[in-house]
Structure formats: C-alpha cells, structure tokens
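Structure assessment
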Amino acid sequence: MDLQLEGRGAIITGGSRGIGKAIAAALAAEGVDVVLAARTEAPLVATAEEIAQASGRRAIPIVCDTGDDAAVRRMVDQAAAELGRIDILVNNAAKAAGQSAPPTLDTLDEVFWEDMNVKVLGYIRCARAVAPHMRERGWGRIINISGLAARQSAAVVGSIRNVAVAAMAKNLADTLGRDGINVTVVHPGLTVTEATPGVLAARAESTGRPIEEIRAEMFGSNAVRRPIDASDVANVVAFLASPLSVAISGDAIAVGGGVGRAIHY
C-alpha cells in the first residue's frame, strides 16, 4: 500500500528514543523528511544521523523543551525553514511513566503540574504553532501519543494526563477539520523499546526472578499473546499520518495488542 507520504515534512517531539524514534524512522522510510525534537542534544543528533543514513531522507535534530512556549515556537519556525513545509505533527514528548511508583497524595500536586505542562500543554503548544502552516496548505495530520492509562486506574497522573490528551484531540479535530487537518490519538500499552532490557534486568535483580518469567508476566496478558514493540506502534502512526486516514479524526486508536477486558465503543 502506498501511503502517499513521499516528500512531506513532519515534526516528531520526543523523537530521540523509544516510540518517537520508531515513528520518525517509519515516516522517513515512507519518504518523509523529519524534524526530531527533544531536550537532550547528544542522543537527538545520533538518532537523526541514524535515521538519515537508513532512509536517505533528511532528519533534522532540534533541541526543544515542549514545556516552554517560546522554545516550541522557535522549534517550529526552524522546522518550517528547514523543511519548507510542515504537514505532520506527532506529539510524543512526555515525562516517562509506568516504571516508577505513582506519587502519594502528599506529592501529587508537584508531579501533576509538571506532567500536565509537558504532555498536555506541550501538545497544545505544538499544535497551536504548526496549525498556521497546515492551514496554509489546506492539509495536515496531528497525531497525539497518549497511553492506555486513559482507560484504567492505578496511575492517577497517567490516567488524567492521557484522558486530557484525548479530550484535547477531539476538540482540536472539530476546530481544525474544516481546514483539512485531521487530529487523532494513539494509546500505546506496555511497549518494547530500547529501554526494555534494562528494565527487565533491574526487576530480575531486585526480585531474584528469571528475566523470561518477568517478561512473560509483563507482556503476556494481551490478546495477541506477544509483545508489542515500538515499530508496531509506529506503523499505525504512519497510516494515521497519511492521506488514506481521512475517515479518522477526533478518535483514539489503542495499540496495546488487545490488552484488557473492557469493551470500548
């Protein structure tokens, strides 16, 4: 299937590693020139070089903290100047979640506001900055990486921020749809990335259990009975970034391999 992405330009925030890196690689493989934005320069530059070499497309690293509005605007201005166009935004920059203990009620305030500023307001800042470029061309795709904590309890900040991202996306979809801009949400579940071996090793050491036993426990509860890795998520995002996804806007797509028993309709 031709995703009709050749020659387009994309920004991927949180693009230096994990799911963001996989998304950038998948888009570049489809012929997209990509800007990777993240806070730490060294891994950002290394990832951009790796993607450019593998794909033959332009991969431009731009250091940016999406928790700062001025930094976001500078990043988008530079991206537009470098690429000559911004067709796709993948909002992915967020504080890491899921591997540490949730905050207690006593520490919730500080954790909550920092998390919401980066993930929810950060996504809004990026969407707000790219929207004029997409409106000018009459076409665009904004994909927001959220997470399946939106559909379950156990991590109060994770649940709130991910629900907020979904609510934001529907509102943006309704606002921007008339300009040819589709806005969607992707909810990954537990996903294998380059950080996973270290996480497994740390848990094995702390519990005295075999790594394979821990891996089976972590990844064996979904419907497809295999781990979902970052490239699986990236393949879904690449489709949502394409013109072929025109029928999907304002909605959330779960990419956890069918984890959970709840029915969402």
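For the structure itself, look to the data block above.
Residues numbered from 1 in each chain as written. Predicted model: local features only at pLDDT ≥ 70, side-chain atom pairs only at ≥ 80, totals over all residues. Heavy atoms only, no water.

With that out of the way, let us pick up the overall build of the protein. Within the protein one finds 8 helices and 9 strands. Relative to a compact globule of 265 residues, whose C-alpha radius of gyration would be 18 Å, the protein shows 18 Å and is just as compact. Dimensions of the protein, computed from C-alpha atoms along their principal axes, come out at roughly 55 × 40 × 35 Å. Here the protein holds 265 residues, and 46% of them are scored as buried. Contacts in the protein between residues at least 24 apart in sequence constitute 75% of all its contacts with a sequence separation of at least 6. Seen as two clouds, the 26 positive and the 29 negative side-chain charges of the protein have centres 4 Å apart. (Helix = DSSP H or I, 4+ residues; strand = E, 2+ residues; numbered from the N terminus. Rg over C-alpha atoms; globule rule 2.2 N^0.38 Å. Buried < 20%, exposed > 50% of the residue type's maximum accessible area, 1.4 Å probe, protein only. Contact = heavy atoms within 4.5 Å. Lys, Arg positive; Asp, Glu negative; His and termini not counted. Charge placed at Lys NZ, Arg CZ, Asp CG, Glu CD.)

Inspection of the entire model under this criterion finds 15 salt bridges. With a shortest N-O distance of 3.6 Å, Asp87 and Arg137 are connected by a salt bridge. In this pair, Asp87 sits in the loop between α3 (69-83) and β4 (88-91) while Arg137 sits in helix α4 (residues 108-137), placing the two residues 50 residues apart along the sequence. Residue Arg209 is joined to Glu213 by a salt bridge in which the shortest nitrogen-to-oxygen separation is 2.8 Å. Using a relative accessible area of 26% as the deciding quantity, one classes Arg209 as partly exposed. Taken together, the salt bridges that share partners define one network made up of Glu6, Asp33 and Arg57. (Salt bridge = Lys/Arg side-chain N within 4 Å of Asp/Glu carboxyl O.)

Here we take up unusual backbone geometry. Non-glycine residue Gln4 carries a positive phi angle of around 60 degrees. Topologically, Gln4 is positioned in the segment before β1 (9-13). The phi torsion at Arg225 lies on the positive side, around 60 degrees, for a residue other than glycine. If you trace the backbone, Arg225 turns up in the loop between α7 (211-219) and β8 (228-229). The exposure class of Arg225 is exposed, given its relative accessible area of 59%.

On the basis of relative accessibility, which here comes to 1%, the residue Asp87 falls in the buried class. Residues in contact with Asp87, not counting those within four places in the same chain, are Arg8, Gly9, Met134, Arg137, Trp139, Gly140 and Arg141.

Here the focus is the side chain of His187. In this structure, His187 sits in strand β6 (residues 181-188). Its relative accessible area of 2% is what places His187 among the buried residues. There is a polar contact of 3.5 Å between the side chain of His187 and the side chain of Ser146. Within the structure, His187 has its side chain in polar contact with the backbone oxygen of Gly147 (distance 3.1 Å). Those residues within four positions of His187 in sequence are excluded, and the remaining contacts are Ser146, Gly147, Leu148, Ala150, Arg151, Asn162, Ala252, Ile253, Ala254, Val255 and Gly256. (Polar contact = N/O pair within 3.5 Å; in protein donor to acceptor, adjacent residues only side chain to side chain.)

Note: disulfide means a covalent bond formed between the sulfur atoms of two cysteine side chains. Per the stated rule, a full pass over the model turns up 0 disulfides. Free cysteine Cys64: the closest other cysteine sulfur is in Cys126, separated by 6.2 Å. The buried category is assigned to Cys126, whose relative accessible area is 1%. (Disulfide = S-S within 2.5 Å.)

Turning our eyes to something else, we now look at the layout of surface pockets. There is about 180 Å³ of room inside the second largest pocket. Looking at the second largest pocket, the residues that line it are Leu148, Arg151, Gln152, Ala254, Gly258, Val259, Gly260, Ala262 and His264. (1 Å grid on protein atoms, 1.4 Å probe; cavity = no way out; pocket = protein on both sides within 12 Å on 5 of 7 lines; lining within 4 Å. Points joined across faces, edges and corners; volume = space filled by probe spheres on them.)

So, about the packing of helix α6 (residues 196-207) against α7. Where α6 contacts α7, the axes come no closer than 9 Å and their chain directions differ by 115 degrees. Two packed elements cross with a definite hand, and for α6 against α7 that hand is right-handed. Along the contact surface, α6 presents Thr196, Leu200, Ala201, Arg203, Ala204 and Thr207, while α7 presents Ile211, Ile214, Arg215, Met218 and Phe219. (Axes fitted to C-alpha atoms, helices over the stretch in contact; angles between N-to-C directions. Left-handed = near helix turned anticlockwise from the far one by under 90°.)

Another aspect to go through is the sheet that holds strand β3 (residues 59-63). Within the open sheet, the 7 strands sit side by side as β3-β2-β1-β4-β5-β6-β9. Their pairing is parallel. Two strands close off the open sheet at either side, each with one partner strand: β3 and β9 (252-255). Averaged over all adjacent pairs, the angle separating strand axes in this sheet is 20 degrees, with direction ignored. Along the sheet, helix α1 (residues 18-29) contacts β1, β2 (33-38), β4, β5 (140-145) and β6; its crossing angle with β1, the most-contacted strand, is approximately 170 degrees. Strand contacts of helix α2 (residues 41-55): β2 and β3, with the helix running at about 170 degrees to β3, the strand carrying the most contacts. (Pairing = 2+ DSSP bridges.)

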